[in-house]
Amino acid sequence: PSPIMVSLVQAASMLPVFMLAVPAGALADIMDRRTYLLMTQGWLAAVAVLLCVMDLSGVLGPWGLLGFTFALGAGLAMSFPGWAATTPELVPREDFVGAIALNGIGFNIARALGPAIGGVIIASYSTAAAFAFNALCILTLAGALLMWKREPTPRHGPRENFLSAIRAGLRFVAATPAMRSAIIRACMFFLFGAAAPAPTPGAPTAAAAPRPQRRRG
């Protein structure tokens, strides 16, 4: 595969995180979180199913894959704040720190095992099967959200609008040195660290390529 296209796939998956993190956080705060997460999971499921259908029909080209990757990345970026905000509602306050740690561990394990499972499915069946399995996982998560009996939280004062929620979040970060420092470090890490996985899909091809033989004089 072209190194540029492989790198663009990685960029398409990470760029929505930088573009949508702030508006996604504002929406997760002002909307009902269960409804908000169901909307994001519905978007992800629709994109995953359409990706599978287009692959089966043979009309999915490199640029189509790039567009679907961006769409999936956008859905994930929109869902991250909602999932993070649900943790305090699911565990007692005394277990909050441990729950955050377990959430981070689970996320990193999924990032490590997900590509491996996808590779096994592709090698055993097809790329369409991997896309279908992804859609099934998303729908399973949506089913869990539907069964979640979330208790309504009392609202104090008028409902905050979208722009004021963004301004409030930015003011909070600007006024909290620890939060500001953590966000800057995270942005620097992901900005440059996201480039590391980009060339990995071409590594097996490069390793299997025949090497030129040295002439013996």
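Residues numbered from 1 in each chain as written. Predicted model: local features only at pLDDT ≥ 70, side-chain atom pairs only at ≥ 80, totals over all residues. Heavy atoms only, no water.

Trainee: How should the overall build of the chain be read in this particular structure?
Mentor: Across its full length, the chain carries 8 helices and 0 strands. Going from the N terminus to the C terminus, the chain shows its helices and strands as α-α-α-α-α-α-α-α. Looking at the chain residue by residue over its 217 residues, the buried ones come to 25%. Pairs at least 24 residues apart make up 79% of the contacts formed inside the chain by residues separated by at least 6 positions. (Helix = DSSP H or I, 4+ residues; strand = E, 2+ residues; numbered from the N terminus. Buried < 20%, exposed > 50% of the residue type's maximum accessible area, 1.4 Å probe, protein only. Contact = heavy atoms within 4.5 Å.)

Trainee: What is the right way to look at the packing of helix α2 (residues 33-57) against helix α3 (residues 62-90) in this model?
Mentor: Each pair of packed helices gets described by two things: the angle between the helix axes and the distance between those axes. For the pair α2 and α3, interaxial distance at closest approach is 9 Å and the crossing angle is 155°. It follows that α2 is roughly antiparallel to α3 by the angle criterion. Note on packing geometry: the crossing formed by α2 with α3 is left-handed. Residues belonging to the contact of α2 with α3 are distributed by class as follows: 17 nonpolar, 6 polar and 2 charged. (Axes fitted to C-alpha atoms, helices over the stretch in contact; angles between N-to-C directions. Parallel < 35°, antiparallel > 145°, perpendicular 65-115°, else oblique. Left-handed = near helix turned anticlockwise from the far one by under 90°. Nonpolar A, V, L, I, M, F, W, Y, C, P; charged D, E, K, R; others polar.)

Trainee: Which parts of the structure should I look at to understand a nonpolar patch on the surface?
Mentor: Side chains of F18, I184, M188, F189, F190, L191 and F192 sit close together on the surface and give an oily, nonpolar patch of about 760 Å² of accessible area. Ranked by the residues each element gives to the nonpolar patch, the list is headed by helix α7 (residues 177-193), at 6 residues. Residue placement: I184 occurs in helix α7. Owing to a relative accessible area of 49%, I184 belongs among the partly exposed residues under this scheme. (Patch = residues over 30% accessible without salt bridge, like charges linked within 9 Å, V, L, I, M, F, W, Y side chains within 5 Å. Areas by Shrake-Rupley, 256 points an atom, 1.4 Å probe, with all protein chains shown as cover. Salt bridge = Lys/Arg side-chain N within 4 Å of Asp/Glu carboxyl O.)

Trainee: What is the right way to look at the nonpolar core in this model?
Mentor: Nonpolar side chains in soluble globular proteins tend to be buried together. With 13 residues, the main nonpolar core has V47, L51, L72 and I138 as its most contacted residues. Broken down by secondary-structure element, the contributors of at least two residues to this core are α2, α3 and α5 (127-147). When residues in this core are grouped by element, the largest group, 6 residues, is from α2. Apart from residues lying up to four places away in sequence, L51 is in contact with L60, L65, F68, L72 and F131. (Core = buried A, V, L, I, M, F, W, Y, C linked by side-chain atoms within 4.5 Å.)

Trainee: In this structure, what is going on with the pattern of salt bridges? I would like to understand it.
Mentor: Two side chains with opposite charge may pair up if their charged atoms get near one another. Applying the stated criterion to the full structure yields 1 salt bridge. R33 serves as the salt-bridge partner of D29, at 3.9 Å between the closest nitrogen and oxygen. Judged by relative accessible area, R33 falls into the buried class, the value being 18%.

Trainee: What should I look at first to understand helix α1 (residues 3-30) in this one?
Mentor: Residues that lie three or four places apart on an α-helix share one face, since the helix turns once every 3.6 residues. Its 28 residues place the ends of α1 41 Å apart at the C-alpha level, agreeing with the 40 Å of an ideal helix rising 1.5 Å per residue. Residue L20 marks the point of greatest curvature in α1, where the axis turns by about 60°; the proline P23 follows within four residues. Residues M5, V6, Q10, A12, M14, P16, A24, A26, A28 and I30 constitute the buried set of α1. (Expected span 1.5 Å × (residues − 1). Bend = angle between axes of the 7 residues up to and from the residue.)

Trainee: I would appreciate a short explanation of the side chain of S79 in the present structure.
Mentor: By the secondary structure assignment, S79 is in helix α3. On the accessibility criterion, S79 (2% relative accessible area) is buried. Of note is the side chain of S79, whose polar atom sits 2.9 Å from the backbone oxygen of L76. In contact with S79, other than residues within four places in its own chain, are L37, T40 and Q41. (Polar contact = N/O pair within 3.5 Å; in protein donor to acceptor, adjacent residues only side chain to side chain.)

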